[in-house]
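Observations on the three-dimensional arrangement
Residue strings, one per chain:
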Amino acid sequence: MNLTLRQLRAFDAVAETGSFTAAAARLHLTQSALSVLVRELEREMGVQLFDRHTRRVLLSEAGRAFQPSVQRLLADLAGAVAGVTELRDKKRGLLRLAAPQLMACTLMPRVIAAYRARYPDIDVRLADTLPEHLLAGLASGEAELAVGQDAAVDPAAIERRTLFRDRHWLICPPDHPFARRRKVRWSELGPYTFIAPTRDFRQRVLPELEAEARGFLQRASTQEVSYMTTALGMVASGLGLTVCPTYSASLVRAHGLQMVRLDRPDFHREVCVYAAARRSLSPAAAGFVEILQRFAQQP
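Residues numbered from 1 in each chain as written. Predicted model: local features only at pLDDT ≥ 70, side-chain atom pairs only at ≥ 80, totals over all residues. Heavy atoms only, no water.

Once that is clear, we can look at the overall build of the protein. A count of helical and extended segments in the protein gives twelve helices and twelve strands. For the protein, the proportion of its 299 residues judged to be buried stands at 43%. Relative to all contacts within the protein whose residues are 6 or more apart in sequence, the contacts with residues 24 or more apart total 72%. Accessible surface, the protein: about 15,800 Å² in total, of which carbon and sulfur atoms supply 49%. (Helix = DSSP H or I, 4+ residues; strand = E, 2+ residues; numbered from the N terminus. Buried < 20%, exposed > 50% of the residue type's maximum accessible area, 1.4 Å probe, protein only. Contact = heavy atoms within 4.5 Å. Areas by Shrake-Rupley, 256 points an atom, 1.4 Å probe, with all protein chains shown as cover.)

Of all nine residues that make up strand E12 (residues 268-276), seven are buried, and the element is covered over most of its length. The sheet contact formed by strand E5 (residues 145-149) and E12 spans four bridges and is antiparallel. From the neighbouring strand, Val147 faces E12, where its bridge partner is Val273. (Pairing = 2+ DSSP bridges.)

Turning to the packing of helix H2 (residues 20-27) against helix H3 (residues 31-45), a few remarks are in order. Where H2 contacts H3, the axes come no closer than 9 Å and their chain directions differ by 100°. On the basis of the axis angle, H2 is roughly perpendicular to H3. Residue-level contacts link Phe20, Thr21, Ala23, Ala24 and Leu27 of H2 to Gln31, Leu34, Ser35 and Val38 of H3. When the residues that make up the contact of H2 with H3 are grouped by side-chain class, the tally is six nonpolar, three polar and no charged. (Axes fitted to C-alpha atoms, helices over the stretch in contact; angles between N-to-C directions. Parallel < 35°, antiparallel > 145°, perpendicular 65-115°, else oblique. Nonpolar A, V, L, I, M, F, W, Y, C, P; charged D, E, K, R; others polar.)

Counting residues in hydrophobic clusters, the biggest one holds 42 residues, and the most contacted among them are Leu95, Tyr115, Leu145 and Phe288. Ranked by residue count, the leading element in this core is helix H12 (residues 283-296), at eight residues. In this structure, Phe288 is in contact with Leu95, Leu97, Met108, Val111, Ile112, Tyr115 and Leu145, ignoring residues within four places of it in sequence. One finds Phe20, Ala24, Leu34 and Leu37 within the second-largest nonpolar core, a separate group that totals 20 residues. (Core = buried A, V, L, I, M, F, W, Y, C linked by side-chain atoms within 4.5 Å.)

Scanning the model with the defined rule gives six aromatic pairs in all. With a centroid separation of 5.3 Å and 70° between ring planes, the pair formed by Tyr115 and Phe288 is classed as edge-to-face. In this pair, Tyr115 sits in helix H6 (residues 107-118) while Phe288 sits in helix H12, placing the two residues 173 residues apart along the sequence. For Tyr115, a relative accessible area of 0% translates into the label buried. The exposure class of Phe288 is buried, given its relative accessible area of 0%. A network of ring pairs unites the aromatic residues Phe11, Phe20, Phe50 and Phe66 as a single cluster. If you follow Arg167 out to its NZ or CZ, it ends over the ring of Trp169, 5.9 Å from the centre. (Phe/Tyr/Trp six-rings, centres within 6.5 Å; stacked < 30°, edge-to-face > 60°. Lys NZ or Arg CZ within 6 Å of the ring centre and 35° of its normal.)

On to the pattern of salt bridges, then. Evaluated as defined, the whole model comprises seven salt bridges. Here Glu16 ties to Arg26 by a salt bridge, and the two come within 3.0 Å at their closest N and O atoms. With Glu16 in helix H1 (residues 5-17) and Arg26 in helix H2, the pair connects residues that are ten residues apart, well separated along the chain. When its relative accessible area of 44% is taken as the criterion, Glu16 is described as partly exposed. With a closest N to O distance of 2.9 Å, Arg269 and Asp150 form a salt bridge. Here Asp150 lies in the loop between E5 and strand E6 (158-172) and Arg269 lies in strand E12, a separation of 119 residues in the sequence. The same class applies to Arg269 as to Asp150, namely buried. (Salt bridge = Lys/Arg side-chain N within 4 Å of Asp/Glu carboxyl O.)

Right, dumping it as C-alpha cells:
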C-alpha cells in the first residue's frame, strides 16, 4: 500500500468540512484535483471512505474508523516539523561543550553570554576538563563541541578548525623587576623558579627555544601543575613565574599579577574548535561556532 501525505490531507479536509468544494478551498486545490486524491486513496485502501450525497459528503463506516488515525498522524507530523523548525531557528535545543579549565573560566563564559543573548532558549552545558582529556567527550557523545588549544587529532575521527593564534605572556608579581619591563627574553628567566602551567607545557615549548633559554625549563626547580589557577596562585605568593595566553588576562588581573611580553622567541598556541568527524553540527552548535569566530576576529 502506497499512501501519500497529500491523499491523507485531502481525506482529512473533506472529513472535517463535509464538502469537496470547501476542502479544496482549504487546501488551495481545484475540486477535481482534490477528488482525484480521494479516489486514489480509496483505491489504495480498497474501501469507500465517503458516502457522496447531492448536498453533503458523509464519512462511511470505514471512513469513521480511519479518521482518528489520520488526525493523529497529521498532528504528530505537524509537531515533528515544528520541533525541527524550532531546532533550525535555535528556539530550543541543548548544546554540550567542553573546554580546558583555564578557557572555561575566562574566554568561554563571555562567548556563552553572547550566545545566550542571541539564542536564549538554547540550554548550554559547559564541562571544564584537563587539557589532555579535552577530546574524550567528543568520542563518548558527552560533548558536541570542544574548544581548546591545539592538539594532535585523528582526522578520521575528529575535525579541527583553527580559530586564532594566541600569544603567551610572562606572569609575575607587580613588585617583580620584570613587571616594569616592556618585554623579557626567555633566556632571562634562568635565575627564577618556573611554574609550568600544564603537564605538557615543557615538551611543547622546548623545541622552539634556543639552547641557552632551554636550560632553565629543564632544571629541577621547574614545577609542573595541572591548572593555570594553581600556577597563578603560586606566582601571587612569590613562589615563581609562569606564562599564560592572552585570553586569560581577566584571571591574571584578578590575582593582582602583571603580564609582560615574552620575546625570543614569541610563543603562540592555536586555539581550535573540535567536533566529531563526518557528523553534521546541530543548528545550536553551528550558531555557537559562528559566535566563537566573531570573538576570534576581535582585536
